[in-house]
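# Notes for the structure review
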Amino acid sequence: MNDPGSRRFRDELEDKLGDLNVVLTTGQVEPGVDWAPTVRNRIKAAKIFVADLSGPSKEVLFELGFAGNKDLFPLVESNGHREQLPRWVTSKQCETFGDGRVAQVAEAIARRLTAKPGSAARPTPVPGLLAWVTGRDASWADEARNKTRLMCQEIGMEFAEHFENDLESPEDLQNVLRASIMVGVIDGGRQDYCVHFLLGDIVARTRAGAGTGRKQSVARRGYALLPNGTDPEGLLADSVRRISRRVVMQTTPERLRTDLGGAFDSYRNLLKDSYP
Amino acid sequence: MSSPAKSAFIGALSFEPRASYAFERLAPEAGYSRAVFLDYGSTATPGDAATSRREEAWSRVSAIGRGLGVPVERRRVHAYAMGDAQRELAHQSAAHEVVTVDVSCMTRPHVLGAASTCAKAPSGASWELTYSRPWSYGELDKPSASLGWRDSLLLSLAEDPSFSNEGVAVGIFLPGNESDRATVAFDTIEPASGVIVGVRQATRPDIYRLTAARNEVQTRHLRNLRVPGPLGREMVEHYPYGGWVSEDVDAQDLIAGLASITRQVVVTAKRFEAPVILFPFGPKVAVFVTAYALAATYPEGSWAVYPVPHTHPLDYSEGARSLTSAAGTQIAELVGDR
């Protein structure tokens, strides 16, 4: 977070946790260092992921998704900030850190470190499931959705449409998190936060399928679907735009069919190899 | 799905999330006059976490029952006593016109018991099979860590079947993901001929491959076996089961596919008056259909082997993806029982 209040809190929290012998790593990176993978590696290495969700910021929602099965410690600056969050986020208790509550938050984090992990594991991704995540007002993407649904039918893949407005809790997200392919409609609507979270999950958990053997799984793919001719700047978090196109792809209704080709080919090959 | 005035639902309570799925989906439309859940948890998976999840499942089904005015009962049964499930199903069948049998969370001995009871039901009795398919089965991408086996049961699929001519017994092996269970079962009894049946699910080719890979050592060994002596030569001459062969069935065509395979096996076994041994480790719906087909068409010589686990992992299955149902009359017709 670049918000001054959030930065100040982070610095104070680092000091307080230091007093409790807890190391806090942050998103701050030295000049010349490739920041996106560095931050992701820090999240991977952490025991607890402390997320300041005040705002909210698409960047933090993406990191929240990337945190995968980490024990999460969500925070907001005030109750007002909590009300601005999507419902599926606020069903988890969010601590507030405003009004000089840094010491209490630090102690709570230290206690959590010695407790059993509280977060439920995310569901196992499965091949052959495409999730289409959209908002109620995103009719510009309807034609692309219908074409994608047809493509799924042709190959025998399950197509599941999810409206962000219907996602009330993390449990509602379970079936979206199982998808091997996720197409998220990005147009400045509320669903953008959810799509960022799901893209983060795909970057963290890159395979769908059971088994460790050769050809027993497919690569998961995320697609950020933007209106034709839209500049992604401002709509997509910087982290998302820096991820390899092999994992997360920015696309438009015009290009979606072509861009989905690789992911569909992977599933087709899995079917062909398994059931010759 | 039919919904006569007097129908009952019989399922099993479990720590699995899918324990209540079929009842949740079917009860509002089916007009059940009673629902019974077999509760075997304390003998299968003791422990606070499993108990707590079973109680959650019980709360869910109780609430649905209250909402719809359907009495929901909980029957304590032994997890591995086939007879407990048979008696309960026979009791409900006698009292109701139609019984829906949800095998999703039943133990395999209960599934076998339910199948054999349905197979010997009078022709007027009506039942339907239902099964909730989970999204996945635990952490399949990790090396399997077995929790151990405490016994191995040899179960008869009908009343007093014969075990004579065991030397030319024919097996039906439905491989599952716990390959060590199959190893224990084949250590109990190892027919020299039979059929290994793979179930191909359209959207989960990865599970098919994983199951095949995990059972590779066992299936390779089986495929090298041959029935010895003159009977073996005669078997090869007349029937395809001079040893073990592999066949696949599509999940979409499961009942017809299994009925066809079972028919071939039964013809062979009848010719040699030999027992048929079912190794019931694949999908429970496949176990039910195969056991039903054997009990209905070859009650004089059908058996199953079941190694009893010490306990079950709490992540045995994930969620519920879909519900499959089939009328008993449809299964009976495909099996050739009626």
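Below or above, wherever it landed, is the structure these notes cover.

Considering all chains together, one arrives at four cavities of 30 Å³ or more under this definition. The volume enclosed by the largest cavity comes to roughly 180 Å³. The wall of the largest cavity is formed by 17 residues, among which E16(B), Y40(B), T107(B), K284(B) and H312(B) lie closest to the centre. Class assignment of the residues belonging to the lining of the largest cavity gives a composition of seven nonpolar, five polar and five charged. Taken as a whole, the second largest cavity encloses approximately 50 Å³ of empty space. In terms of lining residues, the second largest cavity is bounded by G128(A), M157(A), S180(A), I181(A), V218(A), A219(A), R221(A), A263(A), S266(A) and Y267(A). At the level of elements, β8 (218-219) and α11 (253-274) of chain A are the ones that each hand at least two residues to the lining of the second largest cavity.

So, about the interface of chain B and chain A. In this complex, chain B contributes 20 residues to the contact, which on the side of chain A involves 23 residues. Between chain B and chain A, the buried area comes to about 1800 Å², and carbon and sulfur atoms account for 52% of it. For the pair chain B and chain A, the number of links is two salt bridges. For the pair chain B and chain A, the interface holds nine residue pairs in polar contact (both at pLDDT 80 or more). For the side of chain B that touches chain A, the element with the highest residue contribution is helix α7 (residues 205-214) of chain B, accounting for seven residues. Partitioned by chemical class, the residues of the side of chain B that touches chain A number eight nonpolar, five polar and seven charged.

Residue and element names in this part refer to chain B. The strand order across the open sheet formed by six strands is β3-β2-β1-β4-β5-β12, and the pairing between neighbours is mixed. Two strands close off the open sheet at either side, each with one partner strand: β3 (72-76) and β12 (322-327). Ignoring strand direction, the axes of neighbouring strands in this sheet form an average angle of 20°. Note: strand β1 (residues 7-12) against strand β2 (residues 32-39), six bridges, orientation parallel. In the strand pairing of β2, I10 is matched with V36.

Quick look at the packing of α11(A) against α7(B) now. At a minimum axis distance of 9 Å, the contact between α11(A) and α7(B) shows a crossing angle of 35°. Pair α11(A) / α7(B) crosses with left-handed handedness. Contacts from Y267(A), L270(A), L271(A), D273(A) and S274(A) of α11(A) reach α7(B) at P205(B), Y208(B) and R209(B).

With that settled, consider the packing of helix α8 (residues 170-177) of chain A against helix α9 (residues 191-204) of chain A. Residue and element names in this part refer to chain A. Between α8 and α9, whose axes approach to 11 Å, the crossing angle comes to 55°. It follows that α8 is oblique to α9 by the angle criterion. Viewed along their axes, α8 and α9 form a crossing whose handedness is right-handed. Residue-level contacts link L173, V176 and L177 of α8 to C194, F197, L198 and D201 of α9. Here the residues of the contact of α8 with α9 sort into six nonpolar, no polar and one charged.

On to the pairing of strand β5 (residues 126-133) of chain B, then. Residue and element names in this part refer to chain B. Counting buried residues in β5 gives seven out of eight residues, a clear majority hidden from the surface. Bridge count for strand β4 (residues 98-102) against β5 is five bridges, and the pairing is parallel. Within the sheet, the bridge partner assigned to V98 lies in β5 and is S126.

Let us now look at the sheet that holds strand β5 (residues 158-163) of chain A. Sheets are built from strands paired through backbone hydrogen bonds, the pairs being either parallel or antiparallel. Residue and element names in this part refer to chain A. Judged by pairing direction, the sheet is parallel, and its five strands sit side by side in the order β5-β4-β6-β9-β10 without closing on themselves. Because the sheet does not close on itself, it has two edges, and the strands there are β5 and β10 (248-251). Going from strand to strand, the sheet's axes swing by 20° on average, the running direction of each strand aside. Along the sheet face, helix α7 (residues 142-155) touches β4 (129-134), β5 and β9 (221-225) and points at about 150° away from the line of β5.

Per the stated rule, a full pass over the model turns up 19 aromatic pairs over all chains. Ring centres 5.0 Å apart and planes at 70° place the aromatic pair Y275(A) and Y208(B) in the edge-to-face group. Here Y275(A) is found in the segment after α11, whereas its partner Y208(B) is found in helix α7 on a different chain. Judged by its relative accessible area of 13%, Y275(A) is buried. Considering the side-chain rings of F173(B) and F186(B), the 5.1 Å spacing of their centres and the 80° angle between planes classify their relative orientation as edge-to-face. One end of the pair, F173(B), is in strand β7 (residues 170-174); the other, F186(B), is in helix α6 (residues 179-188), with 13 residues separating them in the sequence. Here the aromatic residues F173(B), F186(B), W244(B), F279(B) and F281(B) are joined through ring pairs into a cluster of three or more. In this structure, R40(A) is placed above the aromatic ring of F66(A), and the distance from its NZ or CZ to the ring centre is 6.0 Å. Here the basic side chain of R271(B) rests over the ring of F272(B), its NZ or CZ set 5.1 Å away from the ring centre.

The rules behind these values
- Residues numbered from 1 in each chain as written.
- Chains lettered and ligands numbered in written order.
- Predicted model: local features only at pLDDT ≥ 70, side-chain atom pairs only at ≥ 80, totals over all residues.
- Heavy atoms only, no water.
- 1 Å grid on protein atoms, 1.4 Å probe; cavity = no way out; pocket = protein on both sides within 12 Å on 5 of 7 lines; lining within 4 Å.
- Points joined across faces, edges and corners; volume = space filled by probe spheres on them.
- Nonpolar A, V, L, I, M, F, W, Y, C, P; charged D, E, K, R; others polar.
- Helix = DSSP H or I, 4+ residues; strand = E, 2+ residues; numbered from the N terminus.
- Contact = heavy atoms within 4.5 Å.
- Buried area = accessible area lost by both parts, 1.4 Å probe.
- Salt bridge = Lys/Arg side-chain N within 4 Å of Asp/Glu carboxyl O.
- Polar contact = N/O pair within 3.5 Å; in protein donor to acceptor, adjacent residues only side chain to side chain.
- Pairing = 2+ DSSP bridges.
- Axes fitted to C-alpha atoms, helices over the stretch in contact; angles between N-to-C directions.
- Left-handed = near helix turned anticlockwise from the far one by under 90°.
- Parallel < 35°, antiparallel > 145°, perpendicular 65-115°, else oblique.
- Buried < 20%, exposed > 50% of the residue type's maximum accessible area, 1.4 Å probe, protein only.
- Phe/Tyr/Trp six-rings, centres within 6.5 Å; stacked < 30°, edge-to-face > 60°.
- Lys NZ or Arg CZ within 6 Å of the ring centre and 35° of its normal.

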